[in-house]
Amino acid sequence: MTRSSESLPVRGTTRHDEQGPLLVLDHRLDGHDTFLSGELDLGDGRAPVRIISLDDVTVLRPMHRAAVPAPVWSGTLHLPHGLRPRTIPTDLAEAAQRHGRNLDALDQAETRYALTFLGEATTESIRTARIEAIVSALPVTGMETT
């Protein structure tokens, strides 16, 4: 997988839990590696952060004790690991086409969920069953060609 560094403008709010500040982004980061680290620049230098993207939110956790940003903040997130492309595997695309189902009907979260579900298959038979499950849940685009 090709990787390159990237810098993104980000905004968010500050929350706290028992382990310290959480920097909750206004928008979930899609297409970026999660559970990795980056550097956040709020205008007074860079601070390392852990990037945690869940289903509908991305949170930055400072990795070292740092000054707590204002309740609402903006800055630049520097990602040394760059983008993670989301590509539909050939076997899934072919199965959807063969059964006249529309993969493009999935939104980003649904695509992420389907690809994660498929990617965690540990055997070929499990992968085949998961492809069938995903394809059967897609909306019909035309006549099946089985």
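Presented here is a report on the structure given in the accompanying data block. (Residues numbered from 1 in each chain as written. Predicted model: local features only at pLDDT ≥ 70, side-chain atom pairs only at ≥ 80, totals over all residues. Heavy atoms only, no water.)

Quick word on the pattern of salt bridges
Part 1 of the argument: Applying the stated criterion across every chain yields a total of 4 salt bridges.
Part 2 of the argument: Between Arg 11 and Asp 26 there is a salt bridge, with its nearest N and O atoms 3.2 Å apart. Residue Arg 11 is found in strand S1 (residues 6-17), and its partner Asp 26 is found in the loop between strand S2 (20-25) and strand S3 (36-41); the two are separated by 15 residues along the sequence.
Part 3 of the argument: Here Asp 26 falls in the partly exposed class, since its relative accessible area comes to 41%.
Part 4 of the argument: The partner of Arg 127 in a salt bridge is Asp 91, and the shortest N-O contact between them spans 2.7 Å. Of this pair, Arg 127 sits in helix H3 (residues 124-137) while Asp 91 sits in helix H1 (residues 90-98), and the two are 36 residues apart along the sequence. (Salt bridge = Lys/Arg side-chain N within 4 Å of Asp/Glu carboxyl O. Helix = DSSP H or I, 4+ residues; strand = E, 2+ residues; numbered from the N terminus. Buried < 20%, exposed > 50% of the residue type's maximum accessible area, 1.4 Å probe, protein only.)

Some remarks on H1
Part 1 of the argument: When we look at burial in H1, the residues that qualify are Leu 92, Ala 95 and Ala 96. Projection of H1 onto a plane perpendicular to its axis shows the buried side chains occupying an angular sector of 100°, all on one side. Facing away from the buried surface of H1 by more than 90 degrees, the exposed residues are Thr 90 and Gln 97.
Part 2 of the argument: Positive phi appears at Gly 100, one or two residues downstream of H1, with a value of about 65°. (Arc of directions from axis to C-beta.)

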